[in-house]
Amino acid sequence: MPNPWTGKGNPYTRQEVRDRLKASLDQNKAIIVAGAGTGISAKFIEKGGADMIIIYNSGRFRMAGHGSTAGLMAYGDANAEAMEIGEFEVLPVVQEIPVICGVHGSDPRRRMWHHLLKVKEMGFSGINNFPTHSIVDGHFRQVLEETGMGFDKEVEMVRIASKMELFSIVYVAKPEEAAQMAEAGADAIIAHVGTTVGGSVGVTDASCTMDDAIERTQKIIDAAKAINPDIFFLAHGGPINTPADVRVILDKTNVHGFVGASSLERMGVEQSLTDLTRSFKSLTIENKV
């Protein structure tokens with residue numbers, strides 16, 4: 001049903017979001033979800049036909065010209081920034097598609113149930129676990145886990161969101177994490193295979209191959225599907241950057257679609273502004289002396 005106060009748009013119930021995604025699949029269309037760090041991005045991502053928008057704190061850094069990984073660093077309050085982008089930039093301009101709030105589930109300063117109530121009250125239609133510690137590895141990941149700031153906090157956040165009937169679309173990097181999120185009630189799982197390649201602040205050597213991305217994505221799908229076959233599965237990151245790349249991952253795995261943040265928002269701005277400025281700068285003037 002539409003918003004009861006305005007007659008259209010956000011917020012949607014959990015089932016309504018699921019129904020919208022199912023409708024895209026029923027039309028044999030891939031589900032396309034986009035990250036937005038600014039209102040102007042969200043406005044035209046919606047115009048382009050995306051199924052859903054996710055607001056991340058990393059979007060603010062990305063659209064300021066920095067790498068998305070800045071969203072994992074202590075450069076600001078991730079939860080406060082996502083709420084601010086939503087309240088003052090994205091929710092006021094998005095007319096109809098669901099808007100999802102990125103939530104830093106392991107933030108030890110917040111009562112997560114209380115924060116999720118505020119997310120719901122703001123008019124978001126669901127939550128996403130970003131910043132996520134699933135993409136942190138090695139010694140630092142172990143320290144996070146042992147000091148009470150690990151991935152299990154993100155899983156618990158999703159469990160609470162499920163009780164509140166908030167739609168949840170979550171990042172995982174490993175099959176075992178996918179299984180945890182499926183058991184917690186996640187509605188959609190994003191197979192995160194690494195920071196996106198390309199552009200001015202994308203990675204190069206820090207990415208995996210497409211073959212690796214395909215294998216890792218399918219293993220994540222298989223692990224979660226064994227627990228709940230009704231989950232939506234999406235691909236993200238690493239070498240999966242362009243529509244042609246997404247075509248490959250759709251053909252070689254059982255994903256239902258793609259989540260693009262840098263791929264849609266940053267790449268679109270970088271190339272279009274460069275080309276447009278060059279077009280203006282190519283203009284010449286005749287001698288008017």
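What counts as what
Residues numbered from 1 in each chain as written. Predicted model: local features only at pLDDT ≥ 70, side-chain atom pairs only at ≥ 80, totals over all residues. Heavy atoms only, no water. Helix = DSSP H or I, 4+ residues; strand = E, 2+ residues; numbered from the N terminus. Buried < 20%, exposed > 50% of the residue type's maximum accessible area, 1.4 Å probe, protein only. Areas by Shrake-Rupley, 256 points an atom, 1.4 Å probe, with all protein chains shown as cover. Lys, Arg positive; Asp, Glu negative; His and termini not counted. Charge placed at Lys NZ, Arg CZ, Asp CG, Glu CD. Pairing = 2+ DSSP bridges. Axes fitted to C-alpha atoms, helices over the stretch in contact; angles between N-to-C directions. Contact = heavy atoms within 4.5 Å. Right-handed = clockwise from strand over helix to strand, strands pointing away. Arc of directions from axis to C-beta. Salt bridge = Lys/Arg side-chain N within 4 Å of Asp/Glu carboxyl O. Patch = residues over 30% accessible without salt bridge, like charges linked within 9 Å, V, L, I, M, F, W, Y side chains within 5 Å.

Chemist: Quick question: what am I supposed to make of the overall build of the protein here?
Modeler: Helix and strand counts for the protein stand at eleven helices and eight strands. Its C-alpha atoms give the protein principal-axis dimensions of roughly 75 × 50 × 40 Å. Scored against the burial criterion, the 289 residues of the protein give a buried share of 52%. Accessible surface for the protein amounts to roughly 13,900 Å². Of this, 56% is attributable to carbon and sulfur atoms. Positive and negative side-chain charges of the protein, numbering 29 and 36 respectively, have mean locations separated by a distance of 4 Å.

Chemist: What is the right way to read the sheet that holds strand S7 (residues 232-236) from this model?
Modeler: Strands belonging to one sheet form pairs held by backbone hydrogen bonds; the direction of such a pair is parallel or antiparallel. Pairing is parallel around the closed barrel formed by eight strands, whose spatial order is S1-S2-S3-S4-S5-S6-S7-S8. Strand-to-strand twist in this sheet, taken as the mean axis angle between neighbours without regard to direction, amounts to 25°. Pairing geometry for strand S4 (residues 126-128) and strand S5 (residues 167-172), over two bridges, is parallel. The residue of S5 that forms the bridge with Gly126 is Phe167. Strands strand S1 (31-36) and strand S8 (257-260) of the sheet are contacted by helix H11 (residues 262-281), whose axis makes an angle of about 55° with S1.

Chemist: Got a minute to help me understand the pairing of strand S6 (residues 188-192) in this structure?
Modeler: Along any regular strand, the residues point their side chains to alternate faces of the sheet. Burial within S6 is extensive, with five of its five residues counted as buried. Here S6 shows a buried face lined by Ala188, Ile190 and His192 and a second buried face lined by Ile189 and Ala191. Pairing of S5 with S6 involves four bridges; the strand directions are parallel. By the bridge assignment, Val172 is partnered in S6 with Ala191. In the classification by handedness, the crossover that spans S5, the intervening helix H8 (residues 175-184) and the parallel S6 is right-handed. Here five bridges tie S6 to S7, and the two strands are oriented parallel to one another. When the sheet's bridge partners are listed, Ile189 is paired in S7 with Phe233.

Chemist: Hey, could you run me through helix H2 (residues 39-47) in this one?
Modeler: For an α-helix, the turn length of 3.6 residues means that residues three or four places apart are oriented alike. Residues of H2 that are buried include every one of Gly39, Ser41, Ala42, Ile45 and Glu46, and no others. All buried residues of H2 project into a common sector of 160° when viewed along the axis, lining one side. Looking at H2, the residues exposed on the side facing more than 90 degrees away from the buried face are Ile40 and Lys47. Of the surrounding secondary structure, the elements contacted by the buried residues of H2 are S1, strand S2 (52-55), helix H4 (78-90) and H11. The first or second residue beyond H2 is Gly49, which carries a positive phi of 100°.

Chemist: How do you make sense of the pairing of S5 when you look at a structure like this?
Modeler: Judged by how many residues are buried, S5 sits mostly within the fold: six of six residues are covered. The alternating pattern of S5 places Phe167, Ile169 and Tyr171 on one face and Ser168, Val170 and Val172 on the opposite face, and all of these are buried.

Chemist: Explanation requested: the side chain of Asp245 in the structure shown.
Modeler: Relative to the helices and strands, Asp245 resides in helix H10 (residues 243-252). Buried and unpaired, Asp245 has no salt bridge, with Arg247 as the nearest side chain of opposite charge at 11 Å. Not counting residues up to four positions away in its chain, the partners in contact with Asp245 are Met210, Pro239 and Ile240.

Chemist: Please explain a nonpolar patch on the surface as it appears in this structure.
Modeler: Nonpolar side chains collect at one region of the surface, where Leu276, Phe280 and Leu283 lie side by side and expose about 350 Å² of accessible area between them. Classification of Leu283 by relative accessible area gives exposed; the value is 62%.

Chemist: Would you explain the pattern of salt bridges in this entry?
Modeler: One side chain can pair with another of opposite charge once the charged atoms of both are near each other. Tallied over the entire structure, the rule returns 16 salt bridges. Note that Asp107 and Arg109 form a salt bridge whose closest N and O atoms lie 3.0 Å from each other. Since its relative accessible area comes to 7%, Asp107 is described here as buried. For Arg109, a relative accessible area of 59% puts it in the exposed group. With its nearest N and O atoms 2.8 Å apart, the salt bridge here joins Arg247 to Asp251. Linking Arg247 with Asp251, this pair stays in helix H10, spanning four residues, or about one helical turn. According to the relative accessible area criterion, Arg247 is partly exposed, its value standing at 46%.

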